[in-house]
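Spelled out, the chains give:
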Amino acid sequence: MDTATQSTPPSAPPPPAQPAGAAPPLNYAPTAERVRIGFLMRFVAFVIDAIIATVLARVPMVIFGILHLAWLGAIIGGVLALAYYSLEVLKARSLGKMLFQYTITAQDGSPATRDQLLKRYLYKQLPQILLIVAALPIPLVGLLLSILAGLISLVIAIGCLFVLQPEHLALHDKLFKT
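Residues numbered from 1 in each chain as written. Predicted model: local features only at pLDDT ≥ 70, side-chain atom pairs only at ≥ 80, totals over all residues. Heavy atoms only, no water.

A.B. asks: Help me out: how do you make sense of the overall build of the protein chain in this one?
C.D. replies: Of the regular secondary structure elements, the protein chain holds seven helices and three strands. For the protein chain, the sequential pattern of α-helices and β-strands runs β-β-α-α-α-α-β-α-α-α. Residue burial in the protein chain is summarised as follows: out of 178 residues, 32% are buried. Put simply, of all contacts in the protein chain between residues at least 6 apart along the chain, 70% involve residues at least 24 apart. For the protein chain, the accessible surface area stands at approximately 10,200 Å², while carbon and sulfur atoms represent 75% of it. (Helix = DSSP H or I, 4+ residues; strand = E, 2+ residues; numbered from the N terminus. Buried < 20%, exposed > 50% of the residue type's maximum accessible area, 1.4 Å probe, protein only. Contact = heavy atoms within 4.5 Å. Areas by Shrake-Rupley, 256 points an atom, 1.4 Å probe, with all protein chains shown as cover.)

A.B. asks: I would appreciate a short explanation of the confidence of the model for the protein chain in the present structure.
C.D. replies: Detailed conclusions should not be drawn from predicted coordinates in areas where pLDDT is low. Per-residue pLDDT for the protein chain averages 86, and the proportion of residues at 70 or more is 81%. Residue range residues 6–12 is modelled with pLDDT below 50. Its contacts to residues more than four positions away, or to other chains, number eight contacts. The low-confidence segment residues 22–31, where pLDDT is below 50, has 23 contacts with residues more than four positions distant or belonging to other chains. (pLDDT = per-residue confidence, 0-100.)

A.B. asks: For this particular structure, what's the right way to read the environment of Val89?
C.D. replies: Here Val89 shows up in helix 3 (residues 87–90). Residue classification places Val89 among the buried residues on the basis of a relative accessible area of 8%. As a C-alpha pair, Val89 and Arg114 span 25 residues in sequence and 6.5 Å in three-dimensional space. Excluding residues that lie within four positions of it along the chain, Val89 makes contacts with Arg114, Leu117, Leu118 and Tyr121.

A.B. asks: Mind showing me how you'd approach the nonpolar core here?
C.D. replies: For soluble globular proteins, nonpolar side chains are generally found buried alongside one another. Ala53, Ala57, Ile75, Ala81, Leu82, Tyr84, Tyr85, Val89, Tyr121, Ile132 and Ala135 form the largest nonpolar core, which has eleven residues in total. Sorting the residues of this core by element identifies helix 1 (39–66), helix 2 (70–85) and helix 5 (114–134) as the ones contributing at least two each. Per-element tally for this core: the top contributor is helix 2, with five residues. Beyond its immediate stretch of four places on either side in the chain, Ile75 contacts Ile132, Ala135 and Leu136. (Core = buried A, V, L, I, M, F, W, Y, C linked by side-chain atoms within 4.5 Å.)

A.B. asks: Is there a simple way to explain helix 2 in this structure?
C.D. replies: Helical geometry note: an α-helix holds 3.6 residues per turn, so side chains three or four residues apart project in the same direction. Here helix 2 spans 22 Å end to end across 16 residues, near enough to the 22 Å set by a 1.5 Å rise per residue. Tucked inside the fold, the buried residues of helix 2 contact helix 1, helix 3, helix 4 (95–99) and helix 5. (Expected span 1.5 Å × (residues − 1).)

A.B. asks: What exactly am I supposed to notice about the packing of aromatic side chains here?
C.D. replies: Each aromatic ring pair is characterised by the separation of its centres together with the angle its planes make. Under the counting rule described, the total for this entry stands at five aromatic pairs. Judged by centre distance (5.8 Å) and plane angle (15°), the ring pair of Phe39 and Phe43 falls under stacked. Of this pair, Phe39 and Phe43 both sit in helix 1, four residues apart, roughly one helical turn. A ring pair is formed by Tyr84 and Tyr85, whose centres lie 5.2 Å apart and whose planes are at 70°; its orientation type is edge-to-face. Taken together, the ring pairs connect Phe39, Phe43 and Phe46 into an aromatic cluster. (Phe/Tyr/Trp six-rings, centres within 6.5 Å; stacked < 30°, edge-to-face > 60°.)

A.B. asks: Explanation requested: the layout of surface pockets in the structure shown.
C.D. replies: To find leftover empty space, one rolls a probe the size of a water molecule over the atoms. Put simply, the largest pocket is a space of about 1,100 Å³. What lines the largest pocket is a set of 39 residues, and nearest its centre among them are Phe46, Ala50, Tyr85, Lys124 and Gln125. By residue number, the principal contributor to the lining of the largest pocket is helix 1, which donates twelve residues. (1 Å grid on protein atoms, 1.4 Å probe; cavity = no way out; pocket = protein on both sides within 12 Å on 5 of 7 lines; lining within 4 Å. Points joined across faces, edges and corners; volume = space filled by probe spheres on them.)

A.B. asks: Any chance you could explain unusual backbone geometry here in plain terms?
C.D. replies: Phi is mostly negative for residues that are not glycine, and the peptide bonds are mostly trans. Even without a glycine there, the phi angle at His68 is positive, about 60°. Taking the relative accessible area as the measure of exposure, His68 reaches 73% and is therefore exposed. For Leu140, which is not glycine, the phi torsion reads 70° and is therefore positive. Along the chain, the position of Leu140 falls in the loop between helix 5 and helix 6 (141–160). A residue is classified by how much of its surface remains accessible, and Leu140, at 58% relative accessible area, is exposed.

Take a look at the structure:
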């Protein structure tokens, strides 16, 4: 689940004190409450991330395409895009999410565990991983993996529409309790 921080009204009681030396959870402001993010703002953050990942992926493809090694450019670009999206595992947010102060949390609003973030990442990036392998110059394997990646992408895209439901949880949020 992607959540954002909203200011708490002045009449709200102060938050509990942190133990000495304990770091506050990621993106938790002392006077804030957590809210689930709806479809439109999640989509805007996704578009920002997609633009960044596309640039990271396409630059090596163009450079290596000029050298007649387009398959190598596709692999390097795919790995760069995967590395960019790994911010969701390492920081519980991507640059698109950071821009709007969104953080991936557990469904109860607590910080998501590294295990939850990793499983969520692998689920969402499975098509990209398959396309990287498909870029290898192996006859027929590339075609089959590309088709499979497309079908999995369709399932993920449909699962993202679950955010339109009242609880604002995409399929990957439900599966991995984020």
